[in-house]
Amino acid sequence: MSDPAGNTIAAPGSPDWERLPSAAVVAMYLRGIQKAVRENLFVFVGGGTGALVSDAFGLRELALVGGGLLLLALLATLIYHRRFRFLVADDAVRVRSGLFEVKELKVRFERVQNVAFSQPLYLKPLGLTRVKLETPGASQTEVELPGIPHERALALRDRVAGAQHDHRADRREAARSADAAERGLDSPALFAPSFGDLFRYGMTSSQLWIVLGVVAGPLAERIGDRVEDSVAWLERVGLIGIGELSSAPLLAVGLVLAVIALFIALGLIVSGLIAWVRFYGYRLTGDPERLQAVYGLLDKREKSLKRAKLHSLEVVQTAFGRLLGRWHAVGHQAGLDALNPINQDKRFLVPGIPNARLEEVTSELADRAWSPPSFRRIDPRFRHVLWKRLVLLPLLLALAGWWFSPADSVALPLLLVGLGVVAAGLIHLRWRRWGVHVGEHGLQLRYGLIGTTILLFEDARCQQIRIQQSPYQRRHGLATLLIGLPHGVKTVPWLPESLAAALANRLLMRIETSRVHAL
Amino acid sequence: MIDQARSFENPQTPSEALPDYRALVFEPVAAGFRGYVAVTTLVYWLPPSLFVGLGNLIPGVTLLPGLVGPAIVLLIGLLVGMYRGLDADRRGWALRAHDIAARSGIVWRSITVLPFARIQHVETTSGPLERRRGLARLKLFTAGGSSADLTLIGLDATTADRLREHLAEQIRQRDAGAAEEGAGAAASDDLADHSANGDA
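Draft legend 1. Geometry of the overall build of chain B. The helix and strand inventory of chain B stands at five helices and seven strands. Its helices and strands taken in sequence order, chain B reads α-β-α-α-β-β-β-β-α-β-β-α from the N to the C terminus.

Here's what the structure looks like:
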């Protein structure tokens, strides 16, 4: 039997269809539990549901429910494993899977833009590796082999690379690329962050603050209880008295601030350590064809990305990163919605780049010499309008409300004016950061507030162009340019209309005359 | 080779010479679209107005104050309807050799241009009310997104079908061109290989 392209198709059940090794059941089961816990942790911890449930049920009931769920999950995993089949052909991989409804998927190697390996701690003794093939056009991973022998995974990766070259009839390159894949880990690293780099990257990561935001409620209660216990203990020992605390408000405030500072410091250290564990031994290697990153202490990962599929490159310095002089880079590929948290883990991330090495690492990633260009700022009226509409008008309304209200405290208007000044300052920073650089082949956009993000992309990589004008912008000859990139829409606000139009026309010309396909 | 180099020309294209999207002449939406807008606005705003009108059944509420609520809701609906009507007048679409453009908005105006080179697939859809008025909407999808990247609403059903066919043909031609290019590259590479091996 053969498909229209003439490729041999094996009937399901024939010897060509492979089953996952028996040991993969363990990997699938643990992975399932891990996923369920991760996806539902916030619901339990954040919503305080966990506390409610634990109050309503005893430990025995909870253990029974938990045990039942675990047994059901094991049963489901066994059925899923039993039904899972995959077939690696010359130009494609086919997967048949499903619990109740079996679906079959065929992905041509030519479409694969990222081959990702992952080997968590529990897979290492089993000699298995999890393989993900990511393709454009899919919002989630299309093909995942939950656990195959490591050598088999390497062979699959090489076959993907080889088939992609064969498609372009460039066999000499294919041979060279296969060699490069073999060398992979031995070739000199383009970038290998040190422990300090990774630790500092972890401290600058915004993920910690998101987690803290979610768990802050339940955690604050616990901390409050601990503080009360500690004060009671201090009073018992005779070191300090409640009376002294109430008569010395500065001391009380100092104690609270010290607890908060301790809490933040602890969070920063934990975050730094998590980043170190996650990116342990990070090595970025590459050749003209693709980039490869290998990292991980508990979960050893290998990510490979074809340069041709790299649509844009983002170099980011968060507010904390600015203090610590650290950047990170993100390589974007088609089909990965950057805002979707599911896809956060799939980005090609280069962590902990020191200021001094930013140009070198970015040049390696972009495959051309790069240094921060001089950016053209957006129109200053952006700042003026926001000042008037978002700061001055609400401030005047609030002050008028206070003036006509019976309250005679001056603290409120002072606070309002203070907030207004801070908001005006933030608007100014936002305006200052926004910039565009028109290069020979592509644009570079800069944006941010206290931190900075620089986005580099070639004109031909854009998907669509939109030009927007508000009544104010029309009156003053301004326009906002919205550039559709494969991973999301990027805005360049408040440009002179003539410049926005010239950029739009240039981008359209480059897309329409380019031989680079969107995929 | 030298002759080839002599005959090769590569004149610079000044940016002013590039095709300008501002010179586009937009086709208006179908005539029936205004009626469709009026009906859908009514369908959307009448139920909330009636729901607020149920306040009259509350004991103690006299008729006149009881009518104020529904009147406010209807007034908002009327304003929304007027806005949508004006918006329908301004909406338009334009087809060029290599892209399709859509214009919308009264207060915040925008023009979106989607090159054919980036379209993955095209579909036309129409709801019961649209079908009754002979309207359809054309949805254009690019790679990666699950939702349509550009939707043209208020098209005459026949126009929408013609556009869909035209765009599908453009995609087919593009893909066929890409395949030929790949085959051409393969053939030239084979020749290069043979030359390198001394077979040519």
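Picking up where we left off.
Draft legend 2. Up close: the overall build of chain A. Summing up its helical and strand segments, chain A has 15 helices and 20 strands in all. Every one of the 519 residues in chain A was classed for burial, and the buried ones make up 31%. Counting contacts in chain A only where the partners sit at least 6 residues apart, residues at least 24 apart contribute 59% of the total.

Draft legend 3. Up close: the sheet that holds strand E5 (residues 119–125) of chain B. Residues and elements named next belong to chain B. Pairing is antiparallel across the open sheet formed by three strands, whose spatial order is E5-E6-E7. Each edge of the open sheet is held by one strand with a lone partner, namely E5 and strand E7 (150–156). In this sheet, neighbouring strand axes are inclined to one another by 20° on average, regardless of whether the strands run parallel or antiparallel.

Draft legend 4. The arrangement of helix H15 (residues 497–513) of chain A in detail. Taking 1.5 Å as the rise per residue, H15(A) with 17 residues should run 24 Å; its terminal C-alpha atoms sit 24 Å apart, in good agreement. Where the residues of H15(A) are buried, they touch strand E15 (435–438), strand E18 (464–469), strand E19 (478–485) and strand E20 (488–496) of chain A together with strand E3 (99–104) and strand E4 (109–115) of chain B.

Draft legend 5. Region of the structure containing the confidence of the model for chain B. This prediction gives chain B a mean pLDDT of 82; 80% of its residues lie at or above 70. Here the predicted complex carries an ipTM of 0.82, next to a pTM of 0.75.

Draft legend 6. Inspection of the pairing of strand E13 (residues 348–354) of chain A at higher detail. Residues and elements named next belong to chain A. Among the seven residues in E13, five count as buried, and that is most of the element. As paired elements, strand E12 (residues 326–333) and E13 share five bridges and run antiparallel to each other. Of the residues in E13, the one forming a bridge with Gly 331 is Phe 348.

Draft legend 7. Representation of the nonpolar core within the structure. Of all hydrophobic cores here, the largest spans 88 residues; its most connected members are A:Ala329, A:Leu481 and A:Ala504. Broken down by element, this core gets its largest block of residues, seven residues, from H15(A). Setting aside its immediate chain neighbours within four residues, A:Ala504 contacts A:Ile465, A:Ile467, A:Leu481 and B:Tyr21. Listed in part, the 24 residues of the second largest apolar core include A:Ala92, A:Val112, A:Ala153 and A:Ala161.

Draft legend 8. View of the sheet that holds strand E5 (residues 114–120) of chain A. All names here are of chain A. Taken in spatial order, the six strands make up an open sheet running E7-E6-E5-E10-E9-E8, and their pairing is antiparallel. Unpaired on one side and paired on the other, strand E7 (143–149) and strand E8 (283–286) mark the two borders of the sheet. Across the sheet, the mean angle from the axis of one strand to that of its neighbour is 15°, orientation sign disregarded. The pairing of strand E6 (residues 128–134) with E7 spans five bridges and is antiparallel. Residue pairing for E7: Leu 133 is matched across the bridge by Val 143.

Draft legend 9. Local environment of the environment of A:Leu419. Residue and element names in this part refer to chain A. Among the structural elements, Leu 419 can be located in helix H13 (residues 411–433). Residue classification places Leu 419 among the partly exposed positions, given that 14 C-beta atoms sit within 10 Å. Sequence-wise, Leu 419 and Val 391 are 28 residues apart; in three dimensions their C-alpha atoms are separated by 8.9 Å.

Draft legend 10. Representation of the packing of helix H12 (residues 381–404) of chain A against H13(A). Residues and elements named next belong to chain A. Where H12 meets H13, the axes come as close as 9 Å, and the angle between the chain directions of the two elements is 170°. The angle between H12 and H13 places the two elements in the roughly antiparallel class. Residues Phe 382, Arg 383, Leu 386, Trp 387, Leu 390, Val 391, Leu 395, Ala 398, Leu 399 and Trp 402 of H12 touch H13, and the partners they reach there are Leu 412, Pro 413, Leu 416, Gly 420, Ala 423, Ala 424, Ile 427, His 428 and Trp 431. Tallied by class, the residues present in the contact of H12 with H13 amount to 16 nonpolar, two polar and one charged.

Draft legend 11. Summary view of the environment of A:Trp403. Residues and elements named next belong to chain A. Here Trp 403 shows up in helix H12. Its 9 C-beta neighbours within 10 Å are what place Trp 403 among the exposed residues. A C-alpha to C-alpha distance of 76 Å links Trp 403 and Ser 22, two positions 381 residues apart in sequence.

Draft legend 12. Representation of the environment of A:Leu145 within the structure. Residue and element names in this part refer to chain A. Mapped onto the elements, Leu 145 comes out in strand E7. Judged by local crowding, Leu 145 falls into the buried class, with 23 C-beta atoms found within 10 Å. Other than its neighbours up to four places away in sequence, Leu 145 contacts Phe 86, Arg 130 and Val 131.

Draft legend 13. Main features of helix H3 (residues 59–83) of chain A. Compared with the 36 Å implied by 1.5 Å per residue over 25 residues, the 36 Å span of H3(A) between its first and last C-alpha is a close match. Of all 25 residues that make up H3(A), two are buried, and the element is exposed over most of its length.

Draft legend 14. Quick look at the pairing of E7(B). All names here are of chain B. Of all seven residues that make up E7, five are buried, and the element is covered over most of its length. Judged from the five bridges that link them, strand E6 (residues 135–142) and E7 form a sheet pairing that is antiparallel. Within E7, the residue paired with Leu 140 across the bridge is Leu 150.

Draft legend 15. Layout of unusual backbone geometry. Residues and elements named next belong to chain A. Located in the positive-phi region is Asp 367, a residue other than glycine, with phi close to 65°. With respect to the helices and strands, the residue Asp 367 is situated in the loop between helix H11 (358–366) and strand E14 (376–377). Non-glycine residue Trp 494 carries a positive phi angle of around 50°. You can see Trp 494 is positioned in strand E20.

Draft legend 16. Layout of the confidence of the model for chain A. All names here are of chain A. Taken as a whole, chain A shows an average pLDDT of 81; of its residues, 78% reach a score of 70 or greater. When the criterion is pLDDT under 50, residues 1–13 qualifies, and its contacts beyond four places in sequence or with other chains add up to 15 contacts. Confidence drops under a pLDDT of 50 for residues 168–175, and excluding neighbours within four residues, the segment shows 13 contacts in the predicted structure.

Rules used in this analysis
- Residues numbered from 1 in each chain as written.
- Chains lettered and ligands numbered in written order.
- Predicted model: local features only at pLDDT ≥ 70, side-chain atom pairs only at ≥ 80, totals over all residues.
- Helix = DSSP H or I, 4+ residues; strand = E, 2+ residues; numbered from the N terminus.
- Buried ≥ 20, exposed ≤ 12 C-beta atoms within 10 Å, placed from the backbone.
- Contact = placed C-beta atoms within 7 Å.
- Pairing = 2+ DSSP bridges.
- Axes fitted to C-alpha atoms, helices over the stretch in contact; angles between N-to-C directions.
- Expected span 1.5 Å × (residues − 1).
- pLDDT = per-residue confidence, 0-100.
- Core = buried A, V, L, I, M, F, W, Y, C linked by C-beta atoms within 7 Å.
- Parallel < 35°, antiparallel > 145°, perpendicular 65-115°, else oblique.
- Nonpolar A, V, L, I, M, F, W, Y, C, P; charged D, E, K, R; others polar.

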